[in-house]
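# Chain and residue survey
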Amino acid sequence: MNTIDMKHLGLTETFIQESQKYRDLYIGRVSSQFKSVYKVITEKGELTAEISGKFLHSVRAMSEYPSVGDFVMVDRTDNAQGNGIIHHMLTRKSVFARKVAGTTSDLQVVATNIDTILICMSLNNDFNLRRLERYLSIAWDSGATPVIVLTKSDLCKDLESRLYDISLIAIGVDILVTTSLSDDWQPVMKKYLSGGQTVAFIGSSGVGKSTLINCLLGHSVLDTGGIRNDDKGRHTTTRRELILLPGLGVVIDTPGMRELGIISANLSKSFADIDDLAAQCHFNDCSHKSEQKCAVQKAIEDGHLSVERLESYWKLKKEAKYDNLNSRMIEKEKINDIFGSMSGMKNVRKFFREQNKRR
Ligand SMILES: Nc1nc2c(ncn2[C@@H]2O[C@H](COP(=O)(O)OP(=O)(O)OP(=O)(O)O)[C@@H](O)[C@H]2O)c(=O)[nH]1
Ligand SMILES: [Zn+2]
């Protein structure tokens with residue numbers, strides 16, 4: 001088995017230091033999770049592992065279970081003597097969570113320890129500024145840094161005006177223009193992956209996320225919207241969720257990142273312009289609808305702010321009803337909501353097991 005350079009897998013000094021608390025264990029990174037079975041990459045390769053009983057009992061909230069991207073302490077580096085046991089999880093630097101479809105209150109950690117979220121939007125029919133605002137809000141909330149990746153530039157005739165429109169809503173965010181017909185964009189994108197950094201791609205189906213990942217890899221690991229793989233491909237149905245780019249870093253590509261349901265959003269960053277205006281309204285609790293001396297309405301009248309952007313802000317605000325909390329805090333709130341009145345952790349564990357069954 002090849003040895004893996006753990007630095008390229010995202011292992012930083014901070015994680016190494018924290019790991020030193022745990023003797024006789026090895027550091028690994030979770031590459032996939034299916035029910036209670038994890039795949040963990042260590043320096044010796046990938047192994048199958050499960051959580052120790054003690055870990056299970058120490059868990060206080062669902063978000064404390066390991067997810068794809070987490071660094072964990074595991075008791076072995078291969079499966080020669082059976083499944084590994086995960087004893088601890090190292091402190092996360094970012095958390096990407098979403099609400100579980102069909103329920104109003106569950107929040108699920110989708111992926112962790114992402115440095116950069118590459119928000120993909122195609123320059124042809126998928127182009128939609130309101131959707132971009134939504135993705136930016138989600139990305140900022142996770143603790144990772146968003147970058148806008150505009151795809152399929154070969155299909156776009158008015159790039160200049162699109163870039164201008166985006167510059168008005170994506171304050172302080174890098175923008176990258178790509179097309180699968182050339183690889184001019186690759187050096188810039190690789191900047192976000194160098195030195196073992198972790199990126200994740202989000203964006204609507206069909207915008208070209210898999211195509212970009214395959215281009216970066218130089219070969220095809222992911223099915224794209226085109227022709228299906230050959231027979232070999234069909235049998236290897238479990239898709240890779242954590243992809244190591246040799247000499248660079250890590251791409252996280254989990255189904256959860258692709259199916260963004262209702263969101264947890266940080267609007268103070270993605271709509272900083274509206275917040276700044278609101279601070280100038282005459283009334284502290286101005287709703288920017290019909291109040292006198294409303295700076296937001298004034299900006300609309302003066303043409304400095306579009307009605308669509310304000311409506312998008314309201315819509316997201318309503319959707320993300322816990323709008324002042326970030327994902328991590330919401331996770332805690334949810335647990336309190338769900339289990340506060342019941343008999344504690346027994347229920348949390350039961351809930352987690354049922355969650356697993358449902359997946
Ligand atoms: N013209 C053009 N087509 C592209 C480009 N990038 C991708 N495509 C095509 O767009 C289609 C969808 O690409 P995918 O990479 O599968 O899209 P995806 O975002 O991974 O889609 P999901 O897996 O559904 O999330 C495929 O037919 C690609 O060949 C591009 O730069 N230009
Ligand atoms: Zn106002």
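Residues numbered from 1 in each chain as written. Chains lettered and ligands numbered in written order. Predicted model: local features only at pLDDT ≥ 70, side-chain atom pairs only at ≥ 80, totals over all residues.

An unreviewed UniProt entry annotates the protein chain as Small ribosomal subunit biogenesis GTPase RsgA of Ectobacillus funiculus. According to the UniProt record, the Subcellular location (unreviewed entry) comment for the protein chain reads "Cytoplasm". For the record of the protein chain, the UniProt heading Sequence similarities (unreviewed entry) holds the text "Belongs to the TRAFAC class YlqF/YawG GTPase family. RsgA subfamily." (UniProt positions renumbered as here; feature names shortened; annotations may be inferred.)

### Description of the overall build of the protein chain
The helix and strand tally for the protein chain stands at 14 helices and 13 strands. Considering only contacts in the protein chain between residues 6 or more positions apart, those separated by 24 or more positions represent 68%. (Helix = DSSP H or I, 4+ residues; strand = E, 2+ residues; numbered from the N terminus. Contact = placed C-beta atoms within 7 Å.)

### A few points about the sheet that holds strand β4 (residues 71-74)
The sheet built from five strands closes into a barrel, its strands ordered β1-β2-β3-β5-β4 with mixed pairing. With strand direction ignored, the average angle separating the axes of adjacent strands in the sheet is 55°. The sheet contact formed by β4 and strand β5 (residues 84-89) spans three bridges and is antiparallel. Paired with Val72 across the bridge in β5 is Met89. (Pairing = 2+ DSSP bridges. Axes fitted to C-alpha atoms, helices over the stretch in contact; angles between N-to-C directions.)

### As for the packing of helix α3 (residues 129-142) against helix α4 (residues 159-169)
It is at 11 Å that the axes of α3 and α4 come closest, and there the two elements cross at 40°. It follows that α3 is oblique to α4 by the angle criterion. The chirality of how α3 crosses α4 is right-handed. Every residue of α4 that contacts α3 at Leu129, Leu132 and Glu133 is listed here: Asp165, Ile166 and Ile169. The residue makeup of the contact of α3 with α4, split by class, is four nonpolar, no polar and two charged. (Parallel < 35°, antiparallel > 145°, perpendicular 65-115°, else oblique. Left-handed = near helix turned anticlockwise from the far one by under 90°. Nonpolar A, V, L, I, M, F, W, Y, C, P; charged D, E, K, R; others polar.)

### Some remarks on the nonpolar core
Ranked by internal contacts, the top residues of the largest apolar core, which has 61 residues, are Leu118, Ile119 and Ala200. No other element matches α3, which puts six residues into this core. Residues from two domains meet in this core; each of domain 1 (13-92) and domain 2 (96-258) gives at least three. Setting aside its immediate chain neighbours within four residues, Ile119 contacts Leu132, Tyr135, Leu136, Ala139, Pro146, Val147, Ile148, Val149, Ile202 and Gly203. Ile274, Leu277, Ala299 and Leu305 belong to the second largest nonpolar core, which has eleven residues in total. (Core = buried A, V, L, I, M, F, W, Y, C linked by C-beta atoms within 7 Å. Buried ≥ 20, exposed ≤ 12 C-beta atoms within 10 Å, placed from the backbone. Domains from an automatic or database assignment.)

### Regarding unusual backbone geometry
The backbone of Asp24 sits at a positive phi, close to 60°, despite the residue not being glycine. Along the polypeptide, Asp24 turns up in the loop between α1 (13-19) and β1 (26-34). For Asp24, a count of 7 C-beta atoms within 10 Å gives the class exposed. For Asn113, which is not a glycine, the phi torsion comes out positive at approximately 55°.

### Description of the domain arrangement of the protein chain
Taken as a whole, the protein chain is organised into domain 1 (13-92), domain 2 (96-258) and domain 3 (267-319). Sort the elements by how many residues they give to the side of domain 2 that touches domain 3 and α3 lands first, with six residues. Of the residues that constitute the side of domain 2 that touches domain 3, the class distribution is four nonpolar, one polar and three charged.

### Some words on the pairing of strand β2 (residues 37-42)
A regular strand carries its side chains on alternate faces of the sheet. The buried fraction of β2 amounts to five of the six residues, a majority that puts the element mostly inside the structure. Pairing of β1 with β2, which is carried by five bridges, proceeds in the antiparallel orientation. Pairing of Phe34 across the sheet is with Val37, part of β2. Linkage of β1 to β2, two consecutive antiparallel strands, is achieved through a turn of two residues, within which Lys35 is found at a positive phi near 50°. Following β2, the chain reverses through two residues before pairing antiparallel with strand β3 (residues 45-51).

### Side note on the confidence of the model for the protein chain
Overall, the prediction assigns the protein chain a mean pLDDT of 82, with 77% of residues at 70 or greater. Model confidence for the protein chain, summarised as mean pLDDT per element, is weakest for helix α7 (residues 231-235) at 35 and strongest for β4 at 98. Confidence drops under a pLDDT of 50 for residues 337-345, and excluding neighbours within four residues, the segment shows seven contacts in the predicted structure. For this predicted complex, the interface score ipTM comes out at 0.96, while the overall pTM is 0.75. (pLDDT = per-residue confidence, 0-100.)

### Details of the sheet that holds strand β12 (residues 242-244)
Strand-to-strand pairing in sheets goes through backbone hydrogen bonds, with the strands running parallel or antiparallel. One open sheet holds the six strands; their spatial order is β10-β9-β8-β11-β13-β12, and the pairing between them is mixed. A single partner strand is all that each edge strand has here, and the edge strands are β10 (174-177) and β12. If you compare each strand with its neighbour and ignore which way they point, the axes differ by 25° on average. Pairing geometry for strand β11 (residues 198-202) and strand β13 (residues 250-252), over three bridges, is parallel. Directly across from Val199, in β13, lies its bridge partner Val251. Helix α6 (residues 209-217) rests against β8 (116-122), β9 (145-151), β11, β12 and β13 of the sheet, and its axis sits at about 150° to β11.

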